[in-house]
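So you can see what is in the structure, the chains are spelled out below.
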Amino acid sequence: MKYLTEFRNGEVAQRMAREIHQLTTRPWKIMEVCGGQTHSIIKNGIDQMLPACIEMVHGPGCPVCVTPLELIDKALAIAAQPGVIFCSFGDMLRVPGTNGDLFQVKGRGGDVRVVYSPLDAVDLAAKNPDRQVVFFGVGFETTAPANAMSVHLAKRRGLRNFSLLVSHVLVPPAIEAIMSSQGNQVQAFLAAGHVCSVMGYWEYPPLAEKFKIPIVVTGFEPLDLLDGIRRAVRQLEEGRHEVENAYPRVVTFEGNRAAQSLLAEVFEVTDRAWRGIGVIPKSGWRLSEAYRDFDAEERFQISGIRTAESPLCHSGDVLRGAIKPAQCPAFGKQCTPRHPLGATMVSSEGACAAYYNYGRFLSAEELASAGSATSGEVHA
Amino acid sequence: MCLAIPGRVDEIITEGDLRVGKVNFGGVVKRVCLDYVPEVEVGDYTIVHVGFAISKIDQESAEQTLADFRAMGVLDEELASEDEAFARAADKPQSPCPDGSCDPQ
Ligand code: SF4
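Treat the numbers as computed from the prediction; the structure is a model and nothing was measured.

(A) Looking closely at the site of the ligand. All names here are of chain A. Close to the ligand lie C313, H314, S315, C328, A330, F331, C335, L341, G342, T344, M345 and C352, which account for all nearby residues. With respect to the detected pockets, the ligand is housed in the largest cavity. When the residues that make up the shell around the ligand are grouped by side-chain class, the tally is 8 nonpolar, 4 polar and no charged.

Right under this line is the structure:
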């Protein structure tokens, strides 16, 4: 791939990788929280440019992956109802529920639509007053302002036929849960740049202080990721634990105030179940009292859902960073992107799919030595 | 789906109660809500996520990022139309549980 070679041979990338090698005296485990960053790290082979003893742990930051099975099943049940137009982002079409996915519901005659923006779903509601339009509002803080605006507009425009199936999750409580979990080995975090463009990073200093961990706000491009890792390693080596912004061209400390104020009006904090991880206290948003009428779970009382995860799937361990995808016995055998057993294989931002798509069939040991082989090249 | 991509605001219109921009992502133009970035004007660059501008960015960084994202092949996926999204999903046939082990019955 031309881009990859250019990036790997690029002067800046080489210099940064060299600096990381010079800084590193001990093994460190750094978690990137965001699935978009996982994708970029694996696709560009950034982990292979690092010293062998620096391990990138892939966090739970793919909203598609952590949406609980029960909610996927609810989505499937609502989408199958007559008179419903069910709108979703494209990523959700193939997420396996207990019995099938949204794509199959469409195949059986359900009116499932992919929209670019939640605003398109609001427009659909205005154009189809005799139909119920439901938008599947999944995502982290980056996506929340869009979903909040959709409900806000529907209310302002008096659209009684619009509702939101909400599965919003928040990054800071996830960091807290990972750091507090038994046997945690993560020593530093790369915070997701686009989440912080909305929320700022004022929520992170207390976390850095409480757990004595460096947190570096990091972008998605290969050079941004190398820079974020370099700053995290430098802090670790110097025994510091600060919050650093390595993405100032997009992120400010306060974040987007206008977005935060609408979020505070439309949503309220709630406990949320994360697929593969379990319930994390105060880790998500649901619609606030004033907007509860627009909650699809209230409007469509779906009961009798019995969920069943594949017993072969270890996505929970993958999402917590306890194992690498290739260490799951089903990886690449019973489980592939064509036949995903778990959500981390279905979304292109899921760690399992990223490993599969970029040919990472190696064991952790083989990966580590592959990493050191590459580092030799970087030094040369 | 967490990616936000930069684009140039070509035109700003008012659609009822919304401030909407025609935003150009290296050739592909999309309708984008500008309510969260009141400071953005025509000619400015802004970071857009699922049809909403969430922050301003300078031109040089924006163009570099666009070029990077295109080279990495993530731009098409972010800007896909409905038909393209379905075509992509159709290309990925799956059964949730090929070995039958998770069938509740
Ligand atoms: S490889 Fe498949 S079965 Fe294994 S953890 Fe990943 S999604 Fe689950």
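Alright, that's what it looks like, and here's the rest.
(B) How the structure looks around the interface of chain B and chain A. With 52 residues of chain B at the interface, the matching set in chain A holds 71 residues. Here chain B packs against chain A, burying approximately 5000 Å² in sum over the two surfaces, 59% of which is carbon and sulfur. The interface formed by chain B and chain A holds 4 salt bridges in total. Note that D17(B) is salt-bridged to R156(A), the shortest N-O span being 3.0 Å. Looking at the side of chain B that touches chain A, the elements with two or more residues in it are β2 (18-25), β3 (28-33), β4 (45-49), β5 (52-57), α1 (59-72), α2 (75-78) and α3 (82-90) of chain B.

(C) A look at a negative patch on the surface. Residue and element names in this part refer to chain B. Residues D76, E77, D83 and E84 make up a contiguous surface patch of negative charge. Here E84 lies in helix α3. Given the relative accessible area of 42%, E84 is considered partly exposed.

(D) Quick look at empty space enclosed by the protein. Residue and element names in this part refer to chain A. In this structure the tally under the stated criterion is 5 cavities of 30 Å³ or more. Quantified by volume, the largest cavity comes out at close to 90 Å³. Looking at the largest cavity, it is lined by 15 residues, and the ones nearest its centre are C313, H314, C328, C335 and C352. Where the lining of the largest cavity is concerned, the elements lending two or more residues are α16 (315-320) and α17 (343-346). In terms of residue class, the lining of the largest cavity is built from 11 nonpolar, 4 polar and no charged.

(E) Looking closely at the pairing of strand β1 (residues 5-15) of chain B. Residue and element names in this part refer to chain B. Of the pairings in the sheet, the one linking β1 to β4 comprises 4 bridges and is antiparallel in character. Bridge pairing links I5 to V48 in β4. Alignment of β1 against β2, held across 7 bridges, turns out to be antiparallel. Counterpart to E15 in the pairing with β2 is L18. Linkage of β1 to β2, two consecutive antiparallel strands, is achieved through a turn of 2 residues, within which G16 is found at a positive phi near 60°.

(F) Representation of the packing of helix α8 (residues 118-127) of chain A against helix α9 (residues 144-156) of chain A. All names here are of chain A. Packing of α8 against α9 brings their axes to within 8 Å, and their N-to-C directions diverge by 20°. Taken together, the axes of α8 and α9 are roughly parallel relative to one another. Classified by chirality, the crossing of α9 by α8 is right-handed. Together, P118, L119 and V122 of α8 and A146, N147, S150 and L153 of α9 make up the contact between the two elements.

Reading the values: the criteria
- Residues numbered from 1 in each chain as written.
- Chains lettered and ligands numbered in written order.
- Predicted model: local features only at pLDDT ≥ 70, side-chain atom pairs only at ≥ 80, totals over all residues.
- Heavy atoms only, no water.
- Near = heavy atom within 4 Å.
- 1 Å grid on protein atoms, 1.4 Å probe; cavity = no way out; pocket = protein on both sides within 12 Å on 5 of 7 lines; lining within 4 Å.
- Sits in = over half its atoms within 2 Å of the grid points.
- Nonpolar A, V, L, I, M, F, W, Y, C, P; charged D, E, K, R; others polar.
- Contact = heavy atoms within 4.5 Å.
- Buried area = accessible area lost by both parts, 1.4 Å probe.
- Salt bridge = Lys/Arg side-chain N within 4 Å of Asp/Glu carboxyl O.
- Helix = DSSP H or I, 4+ residues; strand = E, 2+ residues; numbered from the N terminus.
- Patch = residues over 30% accessible without salt bridge, like charges linked within 9 Å, V, L, I, M, F, W, Y side chains within 5 Å.
- Areas by Shrake-Rupley, 256 points an atom, 1.4 Å probe, with all protein chains shown as cover.
- Lys, Arg positive; Asp, Glu negative; His and termini not counted.
- Charge placed at Lys NZ, Arg CZ, Asp CG, Glu CD.
- Buried < 20%, exposed > 50% of the residue type's maximum accessible area, 1.4 Å probe, protein only.
- Points joined across faces, edges and corners; volume = space filled by probe spheres on them.
- Pairing = 2+ DSSP bridges.
- Axes fitted to C-alpha atoms, helices over the stretch in contact; angles between N-to-C directions.
- Parallel < 35°, antiparallel > 145°, perpendicular 65-115°, else oblique.
- Left-handed = near helix turned anticlockwise from the far one by under 90°.

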